[in-house]
Amino acid sequence: CPGLLVVAGGPHVQQPEDFLHGDGIDLIVLGEGERTFAALLDCEDRSDWTEVPGLAFLDAADKLVKTAPREREKELDLFPSALDVVPLRDAAGKPLYERAAIETTRGCPFKCAFCEWGTGAIGTKMYQFSLERFRSDVERLIDGGIQDVWLCDSNFGALPEDVEKAKILVEVRQRTGMPSTFATSWHKHHNARVQEIVLLMHKHGMLQHYNLALQTLTPLALELSHRKNMRSNQYEPIAKAMSEEGISIATELIWGLPGDNLADFESHLDRLAAIFPNINIFGYTLLPGTEFYERRDEYQIDAIPVAGYGRAKGEYVVGCHIFSRDEGIEGYFLISAHLVLIRGYVIPLTVRLLALRGGLSVSAFLRAALRALAKEFQPDLPDLDLSDRMNVYENRAALYLAMLRGEERSFRTIAGVLEPWLAERGCDEAFVAEASRVLALDRGFCPRVGPGGSVELEFDFAADRAAHHLGRMELPPPECFEAGATSLRIRHPGAVGEVLLDPDGGSWMRGQLA
């Protein structure tokens, strides 16, 4: 489009030399964009661009030009609210949106090598909007029909004012009934202030879960990522204290960071599976503007485009100076297994039982189970290539839906892996039988095809007590598995393949005790 001026901005394009040659981008905004973009609109022609701070472009000789740096704005209230121009209701008064993201601070005090938040367009110094501005925006959002609020800060809880922001949200909810839920990215130190906010939001029913972003526990990976001394690595007492308050706690890991290796990563996952009821695993995506991106040659980073997109979307890291491409791709197969079987709520209780028992690699079992399931359903999925583990990763949603549609086949296949796998690792017959019973319990809660409704299921053990203990991250006592009929009424939302389209939503669409 020769007559179209294409302007790009944001953290991922802060190395303009990577994007101005051949990607169809004419201008890149470096740093904060509000004042730069306004000044750009006032330019008569491109000869005026050189006078606008915070721009990068190619001159007539195809050479890179960077104008003077744009200083960050310290008084964020000087920026007008987007709500001044963005309508929240249609002409009939119906809300246009259910949820909204709101920014209360800019900047991140950390410089994690895999992230651009503290090193890209913004920087490490944190500035914030005033409490008056925050209250005004929240009031306007709720008046506009917004139900759920996401605070898109880098480290909510880092600043003393963050407690007051939480209190504002609670006060607005008490008065209006909204927002229904609240979520954010928490301060990495998870200090007393953070926990005060977490407890406050939980008390008022606004907190869905509390996430500790561990990312990795491998010492070298922590060191190279500049996260070695973060106190969130002392995660066990925090997890225990929050669980005792009845707070759903989660953690997240990144596979593929330079300095990690699959054996250590799996060992850490096995340990965390006995502590956290919810774990999110992400493949490391190499993003422009980050330290690892700049040092990719030094760390011998081997990467492939994300889902076929170009570098502006990032790249999957599948190898580095520490682990081979084969090891890296096997890590992605582990992610696939975790997403399908745990996040998808197919066998979370079975895997939790193995983790709590100890001495068993739940990571190895997950991979073995997924291989068997992929083989079982491959005839139904012509795009699934079992020889290509990244293909399995990309087709995980299709495999997951096929498994749920073929529930009987799925659980028969898993049982065919579970029992010999445990026996080969020296587990006695009693524990194998316990695991098989918990697998039957998992089947009862697994998301279902068809309309929603309740089902009455019979078990030959104290299924309700076993589910209770596993829900509390406790190994069920032996008496839970003594012979005795138990009936459970489980309510299912159904809608697999209609509302539930991928394993990420499995925990939301699982069965619940009625």
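As a reminder, the structure under discussion sits directly above these lines.
Residue indices follow the written sequence of each chain, beginning from 1 at its first position. Under the rules for a predicted model, residues below a pLDDT of 70 receive no local features and side-chain atom pairs below 80 are neither given nor counted, while totals for whole chains, interfaces and linings still include all residues. Think of the side-chain values as coming from all heavy atoms in the structure, minus any hydrogens and water.

### Remarks on the sheet that holds strand β16 (residues 453-459)
Working step 1: One open sheet holds the three strands; their spatial order is β16-β17-β18, and the pairing between them is antiparallel. Single-partner strands in this sheet number two, and they are β16 and β18 (512-513).
Working step 2: Note: two strands are recorded as paired if DSSP finds a minimum of 2 bridges between them. Here a helix means four or more residues in a row that DSSP labels H or I, a strand means two or more in a row labelled E, and each is numbered from the N terminus. The pairing of β16 with strand β17 (residues 486-492) spans seven bridges and is antiparallel. Paired with S454 across the strands is R491, a residue of β17.
Working step 3: We call two residues in contact when some of their heavy atoms are within 4.5 Å. Fitted lines through C-alpha atoms serve as axes, helices being fitted only where they are in contact, and the angles separating the N-to-C directions of these axes extend from 0 to 180 degrees. Here helix α15 (residues 429-445) sits on the sheet and contacts β16, β17 and β18; the angle it forms with β17, its principal contact strand, is near 35 degrees.

### Overview of the pattern of salt bridges
Working step 1: Within this document, salt bridges are pairs made up of a side-chain nitrogen of Lys or Arg and a carboxyl oxygen of Asp or Glu, the two lying within 4 Å of each other. Under the counting rule described, the total for this entry stands at 33 salt bridges.
Working step 2: Among the ionic pairs, R106 bridges to E34, the shortest N-O distance being 2.4 Å. Separated by 72 residues along the polypeptide, R106 in strand β6 (residues 105-106) and E34 in helix α1 (residues 34-41) bring together distant segments of the chain.
Working step 3: Its salt-bridge partner being D460, residue R437 comes within 3.2 Å of it at the nearest N-O pair. Linking R437 in helix α15 with D460 in the loop between β16 and α16 (463-471), this pair joins segments that are 23 residues apart in sequence.
Working step 4: Three labels apply to residues, based on accessible area from a 1.4 Å probe with only protein chains included: buried if under 20% of the type maximum, exposed if over 50%, partly exposed otherwise in between. Judged by its relative accessible area of 21%, R437 is partly exposed.
Working step 5: You can call D460 partly exposed: its relative accessible area is 43%.
Working step 6: Residues joined in a network through salt bridges with shared partners are E266, D326, E330, R367, R371 and R389.

### A word on the packing of aromatic side chains
Working step 1: Stacked, edge-to-face and tilted labels apply to pairs of Phe, Tyr and Trp rings (six-membered ring for Trp) whose centres lie within 6.5 Å, assigned for plane angles under 30 degrees, over 60, and everything in between, in that order. Applying the stated rule across the entire model yields 16 aromatic pairs.
Working step 2: Only lysine NZ and arginine CZ atoms are considered, and such an atom sits over a ring when it is within 6 Å of the ring centre and within 35 degrees of the ring normal. The ring of Y293 is capped by R296, whose NZ or CZ atom sits 5.4 Å from the centre of that ring.
Working step 3: Over the ring of F333 we find R371; its NZ or CZ atom is 4.3 Å from the centre of that ring.

### Let's talk about α15
Working step 1: For a helix, the expected span equals 1.5 Å multiplied by the residue count minus one. For α15, which comprises 17 residues, the first-to-last C-alpha distance of 25 Å matches the rise-based estimate of 24 Å (1.5 Å per residue) to within 8%.
Working step 2: By the burial criterion, the buried members of α15 are F431, V432, E434, A435, V438, L439, L441, D442, G444 and F445.

### Observations regarding the pairing of strand β12 (residues 278-283)
Across a regular strand the side chains alternate sides, sitting on one face of the sheet and then on the other.
Working step 1: Alignment of strand β11 (residues 249-255) against β12, held across six bridges, turns out to be parallel. The partner of W255 across the bridge, within β12, is G283.
Working step 2: This β-α-β element, β11 to helix α7 (residues 262-272) to β12, shows right-handed connectivity. Here a crossover is taken to be right-handed if, once the strands point away from the viewer, the path from the first strand over the helix to the second is traced clockwise.

### Points about the nonpolar core
Working step 1: Of all hydrophobic cores here, the largest spans 137 residues; its most connected members are Y210, F276, F292, V346, F365 and L422.
Working step 2: Looking at which element gives the most residues to this core, the answer is helix α9 (residues 325-343), with ten residues.
Working step 3: If we skip the residues at most four places from it in the chain, V346 touches V340, L341, Y400, M403, L404, F411, I414, D442 and C446.
Working step 4: Here, nonpolar core means buried Ala, Val, Leu, Ile, Met, Phe, Trp, Tyr and Cys residues that are tied together by side-chain atoms lying within 4.5 Å of each other. Counting residues in hydrophobic clusters, the runner-up holds nine residues, among them A8, V13, L20 and I28.

### Points about the layout of surface pockets
Working step 1: Considering only enclosed or pocket space, the second largest pocket measures out at about 400 Å³ in volume.
Working step 2: Along the walls of the second largest pocket sit 21 residues, with S81, A82, L83, A101 and D137 positioned nearest its centre.
Working step 3: Of all the elements in the fold, those that place two or more residues in the lining of the second largest pocket are β5 (99-102) and α2 (131-143).
Working step 4: Broken down by element, the residue count for the lining of the second largest pocket peaks at four residues, all from β5.
Working step 5: In terms of residue class, the lining of the second largest pocket is made up of 14 nonpolar, one polar and six charged. Cavities and pockets are found on a 1 Å grid laid over the protein atoms alone: a cavity is a set of points where a 1.4 Å probe fits but cannot escape, a pocket is an open set with protein on both sides within 12 Å along at least five of seven lines, and a lining residue has an atom within 4 Å of such a point. Grid points are joined across faces, edges and corners, and a volume is the space filled by probe spheres set on the points. Three categories are distinguished: nonpolar for Ala, Val, Leu, Ile, Met, Phe, Trp, Tyr, Cys and Pro, charged for Asp, Glu, Lys and Arg, and polar for the others, with Gly belonging to the last.

Nothing here speaks to function; it is geometry throughout.
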